[in-house]
Structure formats: C-alpha cells, structure tokens
Amino acid sequence: MQILILNCGSSSAKFAVMDPASGVELIAGLAQRLGSPQASLDWKWQGQKHTRALPGADHQPALRAVVALLHEVGLAAGINGVGHRVLHGGARFSDPALVTPAVIAGIEACIPLGPLHNPPNLLGIRIAQELFPGLPQVAVFDTAFHATMPPCAYLYAVPMEWAEQHQARRYGFHGTSHRFVAADALTRLGLTDQPSGIITVHLGNGCSCAAVRDGRSVDTTMGLTPLEGVVMGTRSGSVDPALIGYMAKRLELPADKIIDLLNKQSGLQGLSGLSNDMRTLIEHAGQGHARARLAIEVFCYVLAKTIAGLVVPLGRLDAVVFTGGIGENSVPVRAKVVELLGFLGLSLDVNLNAGHGRTAGGRITTGSGSCALVVPTNEELMIARDTAALVA
Ligand code: ADP
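Here is a short report on the structure shown in this document. (Residues numbered from 1 in each chain as written. Predicted model: local features only at pLDDT ≥ 70, side-chain atom pairs only at ≥ 80, totals over all residues. Heavy atoms only, no water.)

Before going further, it helps to spend a moment on the overall build of the chain. A tally of helices and strands in the chain yields 16 helices and 13 strands. Along the three orthogonal principal directions, the C-alpha set of the chain runs to about 55 × 55 × 45 Å. For the chain, restricting intrachain contacts to residue pairs at least 6 apart in sequence, the fraction spanning at least 24 positions comes to 62%. For the chain, the exposed surface amounts to about 17500 Å²; the carbon and sulfur share of it is 55%. Separation between the mean location of the 30 positive side-chain charges and that of the 30 negative ones in the chain comes to 4 Å. (Helix = DSSP H or I, 4+ residues; strand = E, 2+ residues; numbered from the N terminus. Contact = heavy atoms within 4.5 Å. Areas by Shrake-Rupley, 256 points an atom, 1.4 Å probe, with all protein chains shown as cover. Lys, Arg positive; Asp, Glu negative; His and termini not counted. Charge placed at Lys NZ, Arg CZ, Asp CG, Glu CD.)

Here the focus is the sheet that holds strand β6 (residues 79–86). Strands sit in the order β5-β4-β3-β2-β1-β6-β8-β7 across an open sheet of eight strands; the sheet is mixed. Edge positions in the open sheet fall to β5 (48–53) and β7 (97–98), since each of these has one partner strand only. On top of the sheet, helix α3 (residues 118–131) reaches β1 (2–8), β6 and β8 (137–141); it is set at about 165° to β6, its chief contact. (Pairing = 2+ DSSP bridges. Axes fitted to C-alpha atoms, helices over the stretch in contact; angles between N-to-C directions.)

Moving on: the packing of helix α11 (residues 290–309) against helix α14 (residues 331–340). At their nearest, the axes of α11 and α14 sit 9 Å apart, and the two run at 45° to each other. On the basis of the axis angle, α11 is oblique to α14. In the crossing of α11 with α14, the sense of the turn from one axis to the other is right-handed. Facing Phe299, Cys300, Tyr301, Leu303, Ala304 and Ile307 of α11, the residues of α14 in contact are Val333, Lys336, Val337 and Leu340. Tallied by class, the residues present in the contact of α11 with α14 amount to nine nonpolar, no polar and one charged. (Parallel < 35°, antiparallel > 145°, perpendicular 65-115°, else oblique. Left-handed = near helix turned anticlockwise from the far one by under 90°. Nonpolar A, V, L, I, M, F, W, Y, C, P; charged D, E, K, R; others polar.)

With that settled, the discussion passes to the side chain of threonine 221. Structurally, threonine 221 can be placed in the loop between β11 (216–220) and α7 (242–251). With relative accessibility at 7%, the residue threonine 221 sits in the buried group. Within polar-contact distance, the side chain of threonine 221 engages the backbone nitrogen of cysteine 209 at 3.0 Å. Setting aside residues up to four positions removed in sequence, threonine 221 forms contacts with Arg170, Ser208, Cys209, Glu228, Gly229, Thr306 and Leu310. (Buried < 20%, exposed > 50% of the residue type's maximum accessible area, 1.4 Å probe, protein only. Polar contact = N/O pair within 3.5 Å; in protein donor to acceptor, adjacent residues only side chain to side chain.)

The next point concerns the site of the ligand. In the neighbourhood of the ligand, the contacting residues comprise Gly204, Asn205, Asp277, Met278, Arg279, Gly324, Gly325, Ile326, Asn329 and Ser330. Aspartate 277 places a polar side-chain atom, nitrogen or oxygen, 2.7 Å from an oxygen atom of the ligand. Within the residue set of the shell around the ligand, elements represented by two or more residues are α10 (278–286) and α13 (324–329). Here the shell around the ligand gets four residues from one element, more than from any other, and that element is α13. (Near = heavy atom within 4 Å.)

Bringing the sheet that holds strand β12 (residues 319–323) into the picture now. As a general point, the strands of a sheet are linked pairwise by backbone hydrogen bonds and lie either parallel or antiparallel. Strand order in this open sheet of five strands is β11-β10-β9-β12-β13, and the pairing throughout is mixed. Edge positions in the open sheet fall to β11 and β13 (371–374), since each of these has one partner strand only. When strand polarity is set aside, the average angle formed by the axes of neighbouring strands in this sheet is 25°. Along the sheet, α11 contacts β9 (197–203), β10 (207–213) and β12; its crossing angle with β9, the most-contacted strand, is approximately 155°. Along the sheet, α14 contacts β9, β12 and β13; its crossing angle with β12, the most-contacted strand, is approximately 160°.

Counted at 1.5 Å a residue, the expected span for helix α1 (residues 59–72) with its 14 residues is 20 Å, and the 20 Å between its end C-alpha atoms agrees. Residues of α1 that are buried: His59, Ala62, Leu63, Ala65, Val66, Val67, Leu69 and Leu70. Of the residues one or two after α1, glycine 74 is the one with positive phi, at around 80°. (Expected span 1.5 Å × (residues − 1).)

This part takes up the pairing of β11. Regular strands place their side chains on alternate faces of the sheet. With four of its five residues buried, β11 lies for the most part within the structure. Sheet analysis places β10 next to β11, joined by four bridges and oriented antiparallel. Bridge pairing in β11 places arginine 213 opposite arginine 216.

What follows covers the pattern of salt bridges. Applying the stated criterion to the full structure yields twelve salt bridges. Here arginine 179 ties to aspartate 386 by a salt bridge, and the two come within 2.5 Å at their closest N and O atoms. With a gap of 207 residues between them, arginine 179 in helix α6 (residues 175–189) and aspartate 386 in helix α16 (residues 379–391) connect regions that are remote in the sequence. Residues joined in a network through salt bridges with shared partners are Arg85, Asp142 and Glu379. (Salt bridge = Lys/Arg side-chain N within 4 Å of Asp/Glu carboxyl O.)

Put into structure tokens, the structure is as follows:
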C-alpha cells in the first residue's frame, strides 16, 4: 500500500508518499512561498534534490504540480489513500477520521479554534478530493491524542461557561508526534502491555511535553492554542495573562498585536535577540554571546521544571523521551535538562548522550531506574499508518 501525506499551511504544502508497512518514504517535498512570484516546488526523489519554479501559484496549481510530478515519477497510479494533517479537531475528533461531508463540517466548526491552520488544511482536503476523486481521504488531527486528558488537566480555572459555551479549554497539539514517539518508546522499554508512565518531550520550532500513562495522554503543555507551555523558538510559552493588557498599554498596541509578538518575536528569539534556531544559539553561546547563553538557560530551566510537574499525573516515571529537531540532536540541551532532573533518579551517560543514544536503543542515562531516551519522531509515517488503517 502507498499513501500520499499532505500538510497544507497558509503559504506552503508539504507532501510525501510512503509505504506505511515498511516506513519507506518514496518521495517527499514542499511547495512553498505560495501566492508569491517566488513560489516553488522542491522535492527529493531517489536521493536527489530537485526544484521547479511555480511563479504566482497558490494552493490549487501547486497541488496540481504535485500530482503531475507523481505521474512523472510513476507513483500516482499506486496511491491508495490521502492522509491530511489537520491542526485542530476541538473536542469533536479523538481519532483520525475518514473524510465525509460531516467530517468536513466538523473541521469547519473548529475554525474559530484554529483560525490560521484549519482553513488551509480544509483547502488541501478539497483540492485533493478534486484531484483524486476515487481515493479515500483521511484527516489526522494534531489535537486528537490528547482527547484522553481528564477534566482536571484540560480545564482552565475560569468561569465554567467559557468551557461549556465557548469551547475555551486546553486541547494540546503535536499529538501525532507524541503518539508515535510514545508507542516507539514503550516498545523499546518492553512496556507496551504493562502499566507505564512516560513524558514525551517534542522540541522543534514549537515545543511541547505530554504525560503519557499506559500509552494514553493524560496531560500536556500546549493549551487552547500552541502558545501555552514551555519556551519555544519564537513563542513565549506560558506567561502571566495580565502581561498582555500591561504591554498593550505600555506599547499602545491592541491586545491582538501583543499576542502576535508572544507568538512570533518571543521565546529563544526574543530572549537572545539573535535567532530562534537552537543550533545557532549554541554556536554563539560557545563564543561568549551572553544573551544566547541566557536564552538556552531559560529554555532548559522551564523545560525541566515543566517535566517535573508532569510526573504528578503519572504517579511514576519510567522515561523522559526527547524528540524533534532539538530533542533528537542537541547534546547540551538534553544534558542540561537531565542534570536538572537528577533528583528524579536520572543520571546522564555522557558518551551515550553524545551519540544520541543510537548504540543503546535510544537510552542516554545510566542505571536501571527512570531513564531518558532519544526517539526520532516521524509524523508522516504515523499519518500514513492511520490513513492505511482507515482505508483498509
Ligand atoms: P519543526 O518544528 O519546524 O519541524 P524541527 O523539529 O526540525 O522543527 O526542529 C528545529 C530546531 O531543531 C531548530 O531550533 C534547530 O536549530 C534545532 N536543531 C536541529 N539540529 C540541531 C543540532 N544539531 N543541534 C541543536 N539544535 C538542532
């Protein structure tokens, strides 16, 4: 079986064709800068990178170009289903869903919760339905894995009507990654059918943690939107909500603009004044850049404090599992976070950490108690598997 995976954003469309059984990625690419004269289609096929200009193309012609490309390389005819990444499924979707008119209406109803992402996600579904009229389409929601959180984890302590009448509650995101990594980690630990408590730590440009008990999410750090939680590349993570009103007055800007600054000019970028990119910050910190060093220190401190808090819903700790670009690659970030969590019984193995745990099934700590693991995420493969399961 072969699955086309699509992730349509506001100005980009990521695609891949995968075999869900073997996990082999046959082709992968990105149509980007859509709607601009610089729009392009970039892809990797048989180890070679290619690019094609699509001047002025928006989503419709860009996805047509993807389909033409799939025909050119001989993959189009073998595709059995299309899996779509959808950001917000609200409280409606706790599992991947075969796309029907009712599912489309459900995704539309979640637009107020995901106003930037759900509209392009829906557009991708509609265009794919046109371009592949005979193929089943599946929506895989970023929020769905966290649908198992209990009320004490998802409720904000605000007037109850806000949740009951306005759906204002914690949903959590990165669910596809947390689910993939949690399942992989439990297999590695031999805990698949045992009671277990692990904390998955997804550190990419966006960052979030999930407390996973017996394979199910019981708490997570992102909230109503992906702004809540730990420090991220350009997002602040959690702040005192009164900061918004305070800074709106000080800067004479509307509250929306302050929230925009918390999303786009804060986090590692805001603290360092240099970059949102952890690799760049580590390089400059090594050369004595004081604010780069401080940004990394705040990032690791907030992360460790948050991970420790997530032990509460688990009542035990089998493993802290690092993933995402930073989690999979940054030796010093993992070292600092594990050091700060030493009181939980974690003890770093410097050599295993330097090798990203690859020689020890992901393990980067010593001893037989709680451990830390590095487990590469693969959201595309998870979407391909979900799609294959529903198509079958
Ligand atoms: P996205 O959330 O966009 O998928 P990624 O998961 O690719 O992002 O993560 C991007 C982050 O990973 C960036 O901050 C980048 O600097 C960081 N990163 C990638 N490789 C390394 C590395 N070798 N050392 C430190 N950070 C790294």
